[in-house]
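A closer look at the structure
Residue strings, one per chain:
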Amino acid sequence: MLFRSIEGGPGSGKTTLIDKIGLDWARNEGAAAGYTFVFTIPIRLLQNVKAYQDIPANDLHELLHDFCLGGSKKVTPDELQEILGAYTTNMLIVLDGLDEYNGKLPVLDQLLDPSAEEEAPWHTGCGLLVTSRPAAAAIDVARARSDGNYELVGFAPDKMEQFIGLCVELNTAKPDADAVRRAGSSWQDGAPGSGTAG
């Protein structure tokens, strides 16, 4: 499992970098194109929402369904789990703003420290990329677990692709696109950019 942390001061480009990774994935470009699924989660937008705080630790699919897919009626959380479960090693979860985390989301706690669970969660093997300011207490856990820690102090635009490649590189090939379409057909028809209303 890929686990990387990116640290940087205010305004260093952490969120811009995350936005670029998401855009690259949507365009099927750069290192992010190696993933079948990429989910970006800005921690500050969901940590104080009671409905997200009540999601049990092993129910990442509930959070992804409600937050990232906007509670889509095209797919249930359980169907989403089944689809994603087939591609966990080609799934990247991006947590932006770990320094702002208040510790009230069991799902994020479990992502950051899965060893606390007796049984391995369904998403074991997915990649995790976290961003944080360096002085945050929560980053210590991420540093200890990660297989790569990077400090972002700003960079020239022509170096952004190289940096993204270091942060999100995959060692596995992207699965066959037709197989992904078949597996996800129950919700992809209404996905953003598919040309149909959601």
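Calculation rules
Residues numbered from 1 in each chain as written. Predicted model: local features only at pLDDT ≥ 70, side-chain atom pairs only at ≥ 80, totals over all residues. Heavy atoms only, no water. Helix = DSSP H or I, 4+ residues; strand = E, 2+ residues; numbered from the N terminus. Buried < 20%, exposed > 50% of the residue type's maximum accessible area, 1.4 Å probe, protein only. Areas by Shrake-Rupley, 256 points an atom, 1.4 Å probe, with all protein chains shown as cover. Contact = heavy atoms within 4.5 Å. Polar contact = N/O pair within 3.5 Å; in protein donor to acceptor, adjacent residues only side chain to side chain. Salt bridge = Lys/Arg side-chain N within 4 Å of Asp/Glu carboxyl O. Arc of directions from axis to C-beta. Pairing = 2+ DSSP bridges. Axes fitted to C-alpha atoms, helices over the stretch in contact; angles between N-to-C directions.

1. Quick notes on the overall build of the chain
Tallying secondary structure elements over the chain gives 10 helices and five strands in all. Residues classed as buried in the chain amount to 43% of the 198 residues present. Working note: accessible area of the chain is about 9,700 Å², and carbon and sulfur atoms make up 50% of it.

2. Looking at the environment of Trp 122
Examined against the element boundaries, Trp 122 turns out to sit in the loop between helix H6 (106–112) and strand E4 (127–132). For the pair Trp 122 and Ala 86, spaced 36 residues apart in sequence, the C-alpha separation works out to 9.6 Å. Sequence-distant contacts of Trp 122, defined by excluding residues within four places in its chain, comprise Asn 58, Leu 60, His 61, Gln 81, Leu 84, Gly 85, Thr 88 and Met 91. Reaching out from Trp 122, the side chain makes a polar contact with the side chain of His 61 at a distance of 3.3 Å.

3. Structural notes on the pattern of salt bridges
Evaluation of the coordinates by the stated rule reveals six salt bridges. The salt bridge involving Asp 54 is made with Lys 50; its shortest N-O contact spans 2.8 Å. Taking the relative accessible area as the measure of exposure, Asp 54 reaches 48% and is therefore partly exposed. Accessibility expressed as a relative area gives 55% for Lys 50, which makes it exposed. Close ionic contact of Asp 99 with Arg 133 constitutes a salt bridge, the shortest N to O distance being 3.8 Å. In this pair, Asp 99 is assigned in the loop between strand E3 (91–96) and H6 and Arg 133 in the loop between E4 and helix H7 (139–145), connecting sequence segments 34 residues apart. Residue classification places Arg 133 among the partly exposed positions, given a relative accessible area of 41%. Beyond isolated ion pairs, a larger network of salt bridges with shared partners links Glu 7, Asp 140 and Arg 143.

4. Some remarks on helix H8 (residues 160–168)
Within the span of H8, buried status applies to Met 160, Phe 163, Ile 164, Cys 167 and Val 168. Buried residues of H8 fall within an arc of 110° about the axis and therefore sit on the same side. Contacts from the buried residues of H8 go to strand E1 (3–7), helix H1 (14–27), E3, E4 and strand E5 (148–151).

5. So, the sheet that holds E5
As summarised here, the arrangement of the five strands in space is E2-E3-E4-E1-E5, forming an open sheet in which the pairing is parallel. At either margin of the open sheet sits one strand with a lone partner, and together these are strand E2 (37–42) and E5. Averaged over all neighbouring strand pairs, the angle between strand axes comes to 15°, with direction disregarded. Where E1 meets E4, five bridges bridge the pair, whose relative direction is parallel. Its bridge partner lying in E4, Glu 7 is registered against Ser 132.

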